[in-house]
Amino acid sequence: MNRVEDLTEGLRQGMRSLASGVCVVSGLKDDGERAAMTASSVTSVSDDPPSLLVCVNKAARMDDVLFHSEYFCVNILSSDHQDVSEICATPETGEERFSVGSWSRHEKNGLHYINNAPAVFICHKQRVVDHGTHSIYIANVDEVLVSDKKHQHLVYADGRYHYL
Ligand SMILES: Cc1cc2nc3c(=O)[nH]c(=O)nc-3n(C[C@H](O)[C@H](O)[C@H](O)COP(=O)(O)O)c2cc1C
């Protein structure tokens, strides 16, 4: 084993070995404009209440969106959605993120979600934990949509996409 002296670099390098699922978090800005961002830091928190968390870099535009919103949406991606993940992780893109993939508008809350995603969680924000460069958003799950279509999982590891 080799010790990495710079801990920030060490954390980044080490975490590249942790294969993770890929999600897109979507929300609405104050002016009603929609926003979306790729995130692999989504984790379930508790069964009761059903809840999850997502860690968002404070430099990402989604941090401001989630900070000022009561509700947001977490879309779990399949291998069919690598292009959605790529655009939602491309800086300087905005509304065009919704031109990739098939999106629907939730009739009750106006959130936009991916039609054929393996799972979609409508989340009600409960708590924001500020830690270093990131904000941790903890939310209760208000509604779950699942697809019964067979799919391959989209996994991110070693800095690239894999299908499982
Ligand atoms: C697979 C993958 C996972 C990511 N996971 C996260 C994450 O969990 N939290 C985060 O803040 N950024 C994450 N990012 C980076 C953001 O998606 C990216 O920086 C995005 O461009 C930020 O949004 P903005 O350009 O609208 O500011 C991830 C990127 C990729 C490719």
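Right above here is the structure, for reference.
Residues numbered from 1 in each chain as written. Predicted model: local features only at pLDDT ≥ 70, side-chain atom pairs only at ≥ 80, totals over all residues.

## Brief notes about the sheet that holds strand S6 (residues 71–76)
Spatially, seven strands are ordered S3-S2-S6-S9-S10-S5-S4 in an open sheet, and the strand pairing comes out antiparallel. A strand with exactly one partner marks an edge of an open sheet, and here the two such strands are strand S3 (34–39) and strand S4 (43–47). In this sheet, neighbouring strand axes are inclined to one another by 35 degrees on average, regardless of whether the strands run parallel or antiparallel. Strand direction decides the pairing type here: strand S2 (residues 23–28) and S6, joined by four bridges, are antiparallel. Counted as the bridge partner of Ser-26 is Cys-73 from S6. (Pairing = 2+ DSSP bridges. Helix = DSSP H or I, 4+ residues; strand = E, 2+ residues; numbered from the N terminus. Axes fitted to C-alpha atoms, helices over the stretch in contact; angles between N-to-C directions.)

## Thoughts on the environment of Asp-148
Looking at the secondary structure, you find Asp-148 in the loop between strand S10 (134–146) and strand S11 (154–157). C-alpha separation for the pair Asp-148 and Tyr-163, spaced 15 residues apart in sequence, amounts to 18 Å.

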